[in-house]
Amino acid sequence: MGIAEKIKAIEEEMARTQKNKATEYHIGLLKAKLAKHRSQLIDDASKASGGGGEGFSARKAGDARCSLIGFPSVGKSTLLCAVTNTESRTGAFEYTTMTCIPGVIEYAGSNIQLLDLPGIIEGAAKGIGKGKQVIAVARTSDLIVMMLDASKGSVHKRLLENELESVGIRLNKERPNIYYKPKKTGGLTYCSTVKQSQGVNERLVRDILKQHKIFNADIVFHQDISIDQFIDEVEGNRQYIRCLYVYNKIDTTSIEEVDRLAREPHSVVISCEWKLNLDFLVDQIWEHLDLIRIFTKRRGEQPDFTEPCILRRGSTVEDLCDYIHRDMKKGFKYAMLWGKSAKHSPQRVGITHALADEDVVQLFCAT
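Now for a quick tour of the structure.

Conventions used here
- Sequence order as written defines the numbering, with residues in each chain counted from 1.
- Residue-level local features of this predicted model are given only where pLDDT is at least 70; pairs of side-chain atoms are given and counted only at 80 or more, and the full residue set underlies all totals for whole chains, interfaces and linings.
- Excluding hydrogens and water, the side-chain values take into account all heavy atoms of the structure.
- Throughout, an axis means a line fitted to C-alpha atoms (over the contacting stretch in the case of helices), and angles, computed between N-to-C directions, take values from 0 to 180 degrees.
- Helix and strand assignments come from DSSP, with helices taken as H or I runs of at least 4 residues and strands as E runs of at least 2, each series counted from the N terminus.
- Definitions for this section: a left-handed crossing has its near helix turned counterclockwise from the far helix by less than a right angle. A right-handed crossing has that turn clockwise.
- We call two residues in contact whenever any of their non-hydrogen atoms come within 4.5 Å of each other.
- Residue polarity follows a fixed list, in which Ala, Val, Leu, Ile, Met, Phe, Trp, Tyr, Cys and Pro are nonpolar, Asp, Glu, Lys and Arg are charged, and the others, Gly among them, are polar.
- Following DSSP output, two strands are said to pair if at least two bridges run between them.
- Pairing of aromatic side chains here covers Phe, Tyr and the six-membered ring of Trp, requires ring centres within 6.5 Å, and sorts the geometry by plane angle: under 30 degrees stacked, over 60 edge-to-face, intermediate tilted.
- The buried label applies to any residue whose accessible area, calculated with a 1.4 Å probe on protein chains only, is under 20% of its type's maximum; exposed applies above 50%, and partly exposed to all values in between.
- Placement of a charge over a ring requires the Lys NZ or Arg CZ to be within 6 Å of the ring centre, with the centre-to-atom vector within 35 degrees of the ring normal.
- Here the expected span of a helix is defined as 1.5 Å times the quantity of residues minus one.
- We call a set of buried residues a nonpolar core when its members are Ala, Val, Leu, Ile, Met, Phe, Trp, Tyr or Cys and they connect through side-chain atoms within 4.5 Å of each other.
- When a carboxyl oxygen of Asp or Glu is within 4 Å of a side-chain nitrogen of Lys or Arg, the pair counts as a salt bridge.

1. What to know about the packing of helix α6 (residues 202–211) against helix α7 (residues 227–235)
Part 1: Two numbers describe how α6 lies on α7: the axes approach to 11 Å, and their chain directions differ by 40°. For the crossing formed where α6 meets α7, the hand is right-handed. Contacts from L204, V205, I208 and L209 in α6 reach I227, F230, I231 and V234 in α7.
Part 2: For the contact of α6 with α7, a count of residues per class yields eight nonpolar, no polar and no charged.

Set out below in C-alpha cells:
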C-alpha cells in the first residue's frame, strides 16, 4: 500500500469516527499517523524542487519573495505583467504557464520578487500535474498570493487551502507557544502552564511521541493548544506563511458579492483586465510582508532617503549592522536615532534597540 492509499484509509476512518469526548484520544492517534505519512509527501516535494524541471529553481532575489498560487486561468500571468516589468505568456486557455517565471515589484525603495507559478489542481500535493514542484517553491516564500476567480472564490479557496495544509503549509497562523526539545536520556517530562481544553493530555502526548519513536523529551505548553498544533511541532517541518487572497475577475460577478469578498480578512478584490485596484493590491502585499524601511545618515550630512535598508518588522540595530556589513557590529559603540521608535529626537540607543518603519539611524563604530 502506497503513501496515498494509507492517507486515504486513515482519512476514511476519521470520517467514520464520531467526534466526542470518548473518541478524542483515538482521533488524536489517527491524526498523528496521518501527519507522519504526509511528512513523507513534504520530503518528496522538497526533493522535487531541485529536479522538478525547467524554471523551478528560481534564485531567491530582492528583499522578499512572493508566490502566485492558484488554479489554471485565474489571471496569475496577467497580474505579473501588470505589476512588474516582466513578460509572462498569457492566453484564454489553461496551463499557459508551464515554468516558474520571476518578476520584481518596485515599491517604497524595495524590490519584491514575485513568482508566477503554473496552475495547480486538486490532488497537487499527491503529485498530480506539477503540484509538488509548485508547492515546494511556495514553501520558500515569505508571502503566498492566492489568486482566485471571484465567481468561484469560496470553492477554490477551500480546495487550495486543503492542498497547502496537507503538505505542512499553515496560512495566516502563528506558531504555537510550545517548548519541545528531544533528548538522549531522562524520559519524558510533561508540563503545562495553562489548562488544556482541546483534548491534549499527558497520555496522548506520550503515545503520539511513541509513534514517532521519541521516548525522551521535555515538553512545556504555554498556551491552550489543539492536537494538530502539537503534532505540527513534533513533525518540525511546518511552514507558517502569511497569505493574501486575491479575487480576480470582479467584473464578472455582482456588486454584492464583490462587497462581501472585499470585507473578508486578508482579501483584496481586483480586475486584471480592467486594471482595477492593482495599486491597493501592491500596498497590501507590502503590508502583509511586514517589512520596514530604515534610512541611514552620515555625520554632518542629510539622511539618504533614496536607498532605504529593508528589514523585517521587529528588527534591531544589530540587524541593521548585519544588513550593512557582517563585521560592523564588532566595532559598534552606539547609534543616534530619529523617528517613531525614539522617545526623543535624536536618541542615543544601543545595539538591541528595536527599530520602526522610516527611522533614521546614524551608527558610531570604533575605527
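Now, onward.
2. Thoughts on the sheet that holds strand β13 (residues 332–338)
Part 1: Reading across from one edge, β12-β11-β15-β13-β14 is the order of the five strands in this open sheet, with mixed pairing throughout. The open sheet is flanked by β12 (309–312) and β14 (347–349), the only strands paired with a single partner. In this sheet, adjacent strand axes meet at a mean angle of 35° when their direction is disregarded.
Part 2: Sheet analysis places β13 next to β14, joined by three bridges and oriented antiparallel. When the bridges of β14 are listed, L337 appears paired with Q347.
Part 3: Relative to β12, helix α10 (residues 317–324) is tilted by about 130°, and along the sheet it contacts β11 (291–296), β12, β13, β14 and β15 (359–365).

3. Focus: the packing of aromatic side chains
Both the distance between ring centres and the angle between the ring planes are used here to describe each pair of aromatic rings.
Part 1: This structure, assessed with the given rule, holds five aromatic pairs.
Part 2: Note on Y334 and F364: the rings are 4.5 Å apart at their centroids and 15° apart in plane angle, and the pair reads as stacked. Here F364 lies in strand β15 and Y334 lies in strand β13, a separation of 30 residues in the sequence. Side by side, Y334 and F364 carry an identical accessibility label, which is buried.
Part 3: Among the aromatic residues, those joined into a ring-pair cluster are Y190, F221 and F230.
Part 4: Lying across the ring of Y245, K157 places its NZ or CZ 4.3 Å from the centre.
Part 5: Above the ring of Y25, the side-chain terminus of R203 is found at 3.9 Å from the ring centroid.

4. Quick word on the side chain of H353
Part 1: Examined against the element boundaries, H353 turns out to sit in the loop between β14 and β15.
Part 2: Assessed through its relative accessible area of 17%, H353 is described here as buried.
Part 3: Look past the residues within four positions of H353 in its chain and what remains in contact with it is S315, T316, V317, L337 and S341.

5. What to know about helix α9 (residues 278–289)
Part 1: The terminal C-alpha atoms of α9 lie 17 Å apart, and with twelve residues this matches the ideal 16 Å at 1.5 Å per residue to within 8%.
Part 2: Among the residues of α9, L278, L281, V282, Q284, I285, W286, H288 and L289 are the ones counted as buried.
Part 3: Downstream of α9 by one or two residues, D290 has phi in the positive range, about 60°.

6. A word on the nonpolar core
General note: in soluble globular proteins, nonpolar side chains tend to be found buried as a group.
Part 1: Counting residues in each nonpolar core, the largest one holds 54 residues, and the members touching the most others are L79, I144, I169 and I285.
Part 2: If we ignore the near neighbours within four places in the chain, the residues touching I144 are S67, I69, A138, L164, I169, L171, I241, R242, C243 and L244.
Part 3: Ranked by size, the runner-up nonpolar core spans 20 residues in total, among them L204, I208, I219 and V234.

7. Observations concerning the sheet that holds strand β7 (residues 188–192)
Part 1: Strand order in the open sheet formed by three strands is β6-β8-β7, with mixed pairing between adjacent strands. Edge positions in the sheet fall to β6 (178–182) and β7, since each has one partner strand and no second. The mean angle between the axes of side-by-side strands here comes to 5°, regardless of whether they run parallel or antiparallel.
Part 2: Sheet contacts for α6: β6, β7 and β8 (217–221); angle to β7, the most-contacted strand, approximately 140°.
Part 3: Strands β6 and β8 of the sheet are contacted by α7, whose axis makes an angle of about 40° with β6.

8. Points about the environment of Q133
Part 1: Secondary-structure assignment places Q133 in helix α4 (residues 131–138).
Part 2: Placed 15 residues apart in sequence, Q133 and P118 show a C-alpha to C-alpha distance of 9.4 Å.

9. Observations regarding the pattern of salt bridges
Part 1: Within this structure, the stated rule accounts for 20 salt bridges.
Part 2: One salt bridge connects R312 with D142, and the closest N-O pair in it is separated by 3.1 Å. Here the residue R312 occupies a position in strand β12, and D142 occupies one in the loop between α4 and β4 (143–149), the gap between them amounting to 170 residues.
Part 3: Overall, R312 belongs to the partly exposed group, its relative accessible area being 35%.

10. Some words on unusual backbone geometry
Part 1: A cis geometry characterises the amide bond from S345 onward to P346, with omega recorded as -5°.
Part 2: One can find P346 in the loop between β13 and β14.
Part 3: In this model, S73 sits at a positive phi of 60°, which is unusual for a non-glycine residue.
Part 4: With respect to the helices and strands, the residue S73 is situated in the loop between β1 (64–70) and α3 (76–83).

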